[in-house]
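# Overview (structure and organization)
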2 protein chains.
Amino acid sequence: MDFSTSELESAHALLPDAIKNTPLVSGRTPGLTLKLETLQPTGSYKIRAAWTALVRLGEPARVKGVALSSSGNFAGAFTWAAKRLGVPAHLVFTPSVSGLKVQMAEEFPCQIHRCEDRYEARYEVLEHLAESGILTIDHRLDQNVHLGHATIGWECAEHLERFERVLVPVSTGGLAIGMATALRARGFRGEIWGVQPSGNDTAARSFRAGRPIQNRGAATCCDALTATSLPQAAFDELKRLLSGILVVNEATIPEAVKYLALSEGVIAEPGAAVGMAALLENQKRPDGTLLILSGRNIEPALLRDYLT
Amino acid sequence: MDFSTSELESAHALLPDAIKNTPLVSGRTPGLTLKLETLQPTGSYKIRAAWTALVRLGEPARVKGVALSSSGNFAGAFTWAAKRLGVPAHLVFTPSVSGLKVQMAEEFPCQIHRCEDRYEARYEVLEHLAESGILTIDHRLDQNVHLGHATIGWECAEHLERFERVLVPVSTGGLAIGMATALRARGFRGEIWGVQPSGNDTAARSFRAGRPIQNRGAATCCDALTATSLPQAAFDELKRLLSGILVVNEATIPEAVKYLALSEGVIAEPGAAVGMAALLENQKRPDGTLLILSGRNIEPALLRDYLT
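Quick look at the structure, then. Predicted model, so just to flag it, every value in this text is computed and none were measured. (Residues numbered from 1 in each chain as written. Chains lettered and ligands numbered in written order. Predicted model: local features only at pLDDT ≥ 70, side-chain atom pairs only at ≥ 80, totals over all residues. Heavy atoms only, no water.)

## Side note on the pairing of strand 5 (residues 111–114) of chain A
Residues and elements named next belong to chain A. Inspection of the sheet shows strand 4 (residues 89–93) paired to strand 5 by 4 bridges, in the parallel sense. Considered in strand 5, the bridge of histidine 90 is made with glutamine 111. This β-α-β element, strand 4 to helix 5 (residues 99–105) to strand 5, shows right-handed connectivity. (Pairing = 2+ DSSP bridges. Helix = DSSP H or I, 4+ residues; strand = E, 2+ residues; numbered from the N terminus. Right-handed = clockwise from strand over helix to strand, strands pointing away.)

Printed below as a string of structure tokens:
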């Protein structure tokens, strides 16, 4: 991953107004800055990558259609962008996907394919679809997807004076890689920490092992952070770009969702709240910290529980 | 109320960065724009007025102190600003004030005075404090308070192309008056509607009566919209500036809080959600509408109930 500033700038310029320039706000917590991807039209940052990938398609893909696998947030973003750009959308879901997120994806025309309940099964179904001539996007490796994620870092870099440390959720690491690439390209010299839940700390374990590991028995309340393996390329990029990976206790994540709602007025889903959880665990100081709040799509019943 | 553009501009310039330029965001609901005063450090727009009133004080008031009565949101804002500006703060509360809001006010040094459980009793205690040499602010009439509120309209007016209609909560009408004054001063020609809950529609009834009425037996879930009478000056200004006042059913307000949380990712308190309630009741169309979301300070237990 090595985008030039002109590539980054043009990716940002291609985003519609409805997607770009989400608020960067000062929290009530002194010195804390929040990037509110929670306010995106489909409730998560994935809409930037979906748009960036689909807006650059050639004519054949626009006719045959495009397929993607998603734990949920990318799906809603993908159908939102596909509808506006007139591209037939195929989605591959595992059985464990959040009903709320399937519902968001189904708001727009799309064809849904179910796969077995294994993280890797998603990519097997994608290969199958590719054989029938559909363009498939592997969001873990796709350059345009990373470029879409990078637009978040591009925007944050307009305000480098406001933070010296960034905390960003990590699953396959796409958000962290894209964001860090853009921040570094624009001269950010501070720390960038990935954050994972203890129930699925695949990237943290891979860091310790010095190579991508396969994580068996992962179980986390963060339905957006479900990757149990990392492509080698993503592992290498994360190693190069991040200061390290913080792991937060599953039990702190509901506290972080509650804190963000009641003290900051922001609805964040569990996977978006892991950075706040790291602050609540005193792993880093809020002062000078930028939290990337990646999405808001939490099941209402779960949110009620967490507010208790 | 007739502020010049230079008065408005300088009031805006006097606000600290932590207060000014709250996000103006496109909602998930097509065509809807939201002004997020919910993201203010003390969780409500009142912080602008508190700052504007206190930053202009002369030396005697800075020593003797300043007193204010509030249903809650102004109190937290007042102590926040008083602490930073080194002014002794006195607060007058009715017994029915939200515990959460008292707690927010008490985060900073202040002296609390309780009054009887009548809206007007607040102003009687203020008069008593004034006799002991403390400067009292009647937030219903104070020019600097209105000027503080006006800074919201000043900011919204940077984006006149995004809306043709504004919905703003009304209690004593200060927010509506200040905001409308600034919007009109900067050339906004669209509609500005006040919104009140059916449980306390004092301004709407006054409009119908053609004069300020005394509203007996008011009871609303909006603890920020408790004014049961209007000063004549406020009534006259509201008549001059507003297109009219919409009244929403109490039962719709929890729905509006829920909608803002789950569909827009924004925590809003009941009094801030009345505009959204008017849209849910189809009183106005979302497309082209700007909602002023005035605050987020809702009791956690109430928020949980509303999310059910």
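## Topic: the interface of chain A and chain B
Taken together, the contact pairs 22 residues of chain A with 22 residues of chain B. Roughly 2,000 Å² of surface becomes buried between chain A and chain B when both sides are summed, with 63% attributable to carbon and sulfur atoms. If you sort the residues of chain A by the area they bury against chain B, Arg28, Leu39 and Arg304 of chain A come out on top, with a joint share of 28%. A salt bridge links glutamate 107 of chain A to arginine 28 of chain B, with the nearest nitrogen and oxygen atoms 2.2 Å apart. Where chain A packs against chain B, one counts 8 residue pairs in polar contact (both at pLDDT 80 or more). For the side of chain A that touches chain B, the elements supplying multiple residues, two or more each, are strand 1 (24–26), helix 11 (252–264) and helix 13 (300–307) of chain A. Across the side of chain A that touches chain B, the residue classes break down as 13 nonpolar, 4 polar and 5 charged. (Contact = heavy atoms within 4.5 Å. Buried area = accessible area lost by both parts, 1.4 Å probe. Salt bridge = Lys/Arg side-chain N within 4 Å of Asp/Glu carboxyl O. Polar contact = N/O pair within 3.5 Å; in protein donor to acceptor, adjacent residues only side chain to side chain. Nonpolar A, V, L, I, M, F, W, Y, C, P; charged D, E, K, R; others polar.)

## Here's the deal with the packing of aromatic side chains
Residues and elements named next belong to chain A. In total, this model carries 6 aromatic pairs over all chains according to the counting rule given. Their ring planes at 45° and their centres at 5.3 Å tell us that phenylalanine 163 and phenylalanine 188 sit as a pair that is tilted. One end of the pair, phenylalanine 163, is in the loop between helix 7 (143–156) and strand 7 (165–169); the other, phenylalanine 188, is in the loop between helix 8 (174–185) and strand 8 (191–197), and 25 residues separate them in sequence. For the pair phenylalanine 163 and phenylalanine 188, a shared accessibility class is recorded, and that class is buried. The lysine or arginine in question, arginine 140, covers the ring of tyrosine 123, its NZ or CZ lying 3.6 Å from the ring centre. The ring of phenylalanine 207 has lysine 239 lying over it, and the distance from NZ or CZ to the ring centre is 4.9 Å. (Phe/Tyr/Trp six-rings, centres within 6.5 Å; stacked < 30°, edge-to-face > 60°. Buried < 20%, exposed > 50% of the residue type's maximum accessible area, 1.4 Å probe, protein only. Lys NZ or Arg CZ within 6 Å of the ring centre and 35° of its normal.)

## Quick word on the pairing of strand 3 (residues 66–69) of chain B
Residues and elements named next belong to chain B. Across the two faces of strand 3 the burial is the same, with Val66 and Leu68 and Ala67 and Ser69 all buried. Summarising the sheet, strand 3 and strand 4 (residues 89–93) pair through 4 bridges and their orientation is parallel. Opposite alanine 67, over in strand 4, you have histidine 90 as the bridge partner. In this fold, strand 3 hands off to helix 4 (residues 73–85), which returns the chain to strand 4; that crossover is right-handed. Where strand 3 meets strand 6 (residues 135–137), 3 bridges bridge the pair, whose relative direction is parallel. Within the sheet, the bridge partner assigned to leucine 68 lies in strand 6 and is isoleucine 137.

## What about the environment of methionine 276 of chain A?
All names here are of chain A. With respect to the helices, strands and loops of the structure, methionine 276 is situated in helix 12 (residues 274–280). Of the residues examined, methionine 276 reaches a relative accessible area of 2% and is grouped as buried. For the pair methionine 276 and glycine 174, spaced 102 residues apart in sequence, the C-alpha separation works out to 20 Å. The contact partners of methionine 276, leaving out residues within four places of it in the chain, are Leu32, Ala256, Tyr259, Leu260 and Leu291.

## Focus: the state of the cysteines
Residues and elements named next belong to chain B. Throughout the structure, instances matching the rule amount to 0 disulfides over all chains. The structure places no disulfide on cysteine 110, whose sulfur is separated from the nearest cysteine sulfur, that of cysteine 115, by 15 Å. For cysteine 110, a relative accessible area of 27% puts it in the partly exposed group. (Disulfide = S-S within 2.5 Å.)

## Notes on the relation of the copies chain A and chain B
Taken as rigid bodies, chain A and chain B are interconverted by a rotation of 180° and an axial shift of 0.0 Å, the fit giving an RMSD of 0.0 Å. Look at the turn and shift together and you get a two-fold axis relating the two. Of all interface residues in chain A, 100% are interface residues in chain B too; the two copies therefore contact each other through one and the same surface. (Least-squares fit on C-alpha atoms with pLDDT ≥ 70 in both.)

## Examining the nonpolar core
By size, the foremost hydrophobic cluster in this structure holds 66 residues, and its most contacted members are Leu36, Leu167 and Leu291 of chain A together with Leu36, Leu167 and Leu291 of chain B. The contact partners of leucine 291 of chain B, leaving out residues within four places of it in the chain, are Leu32, Thr33, Leu34, Lys35, Leu167, Gly275, Met276 and Leu279 of chain B. (Core = buried A, V, L, I, M, F, W, Y, C linked by side-chain atoms within 4.5 Å.)

## Section: helix 2 (residues 46–55) of chain B
Counting buried positions over the 10 residues of helix 2 of chain B gives 9, a clear majority of the element. Among all positions of helix 2 of chain B, only Lys46, Ile47, Arg48, Ala49, Ala50, Trp51, Thr52, Ala53 and Leu54 of chain B are buried.

## Let's talk about the sheet that holds strand 8 (residues 191–197) of chain B
All names here are of chain B. Read across the sheet, 6 strands follow the order 1-2-10-7-8-9 without closing on themselves; strand pairing throughout is mixed. Edge strands, defined here as strands with exactly one partner in the open sheet, are strand 1 (24–26) and strand 9 (244–248). Averaged over neighbouring strand pairs, the angle between their axes works out to 30° when direction is ignored. Across 5 bridges, strand 7 (residues 165–169) lies against strand 8 in parallel orientation. Residue leucine 167 lies in a different strand from strand 8, and its bridge partner there is tryptophan 193. (Axes fitted to C-alpha atoms, helices over the stretch in contact; angles between N-to-C directions.)

## So, the packing of helix 8 of chain A against helix 10 (residues 232–241) of chain A
All names here are of chain A. Put simply, helix 8 and helix 10 touch, their axes get as near as 10 Å, and they point 40° apart. The orientation of helix 8 with respect to helix 10, classified from their angle, is oblique. Once helix 8 is placed against helix 10, the crossing between them reads as left-handed. Residues Ala176, Ile177, Ala180, Thr181 and Arg184 of helix 8 form the contact with helix 10, whose participating residues are Ala234, Glu237, Leu238 and Leu241. (Parallel < 35°, antiparallel > 145°, perpendicular 65-115°, else oblique. Left-handed = near helix turned anticlockwise from the far one by under 90°.)

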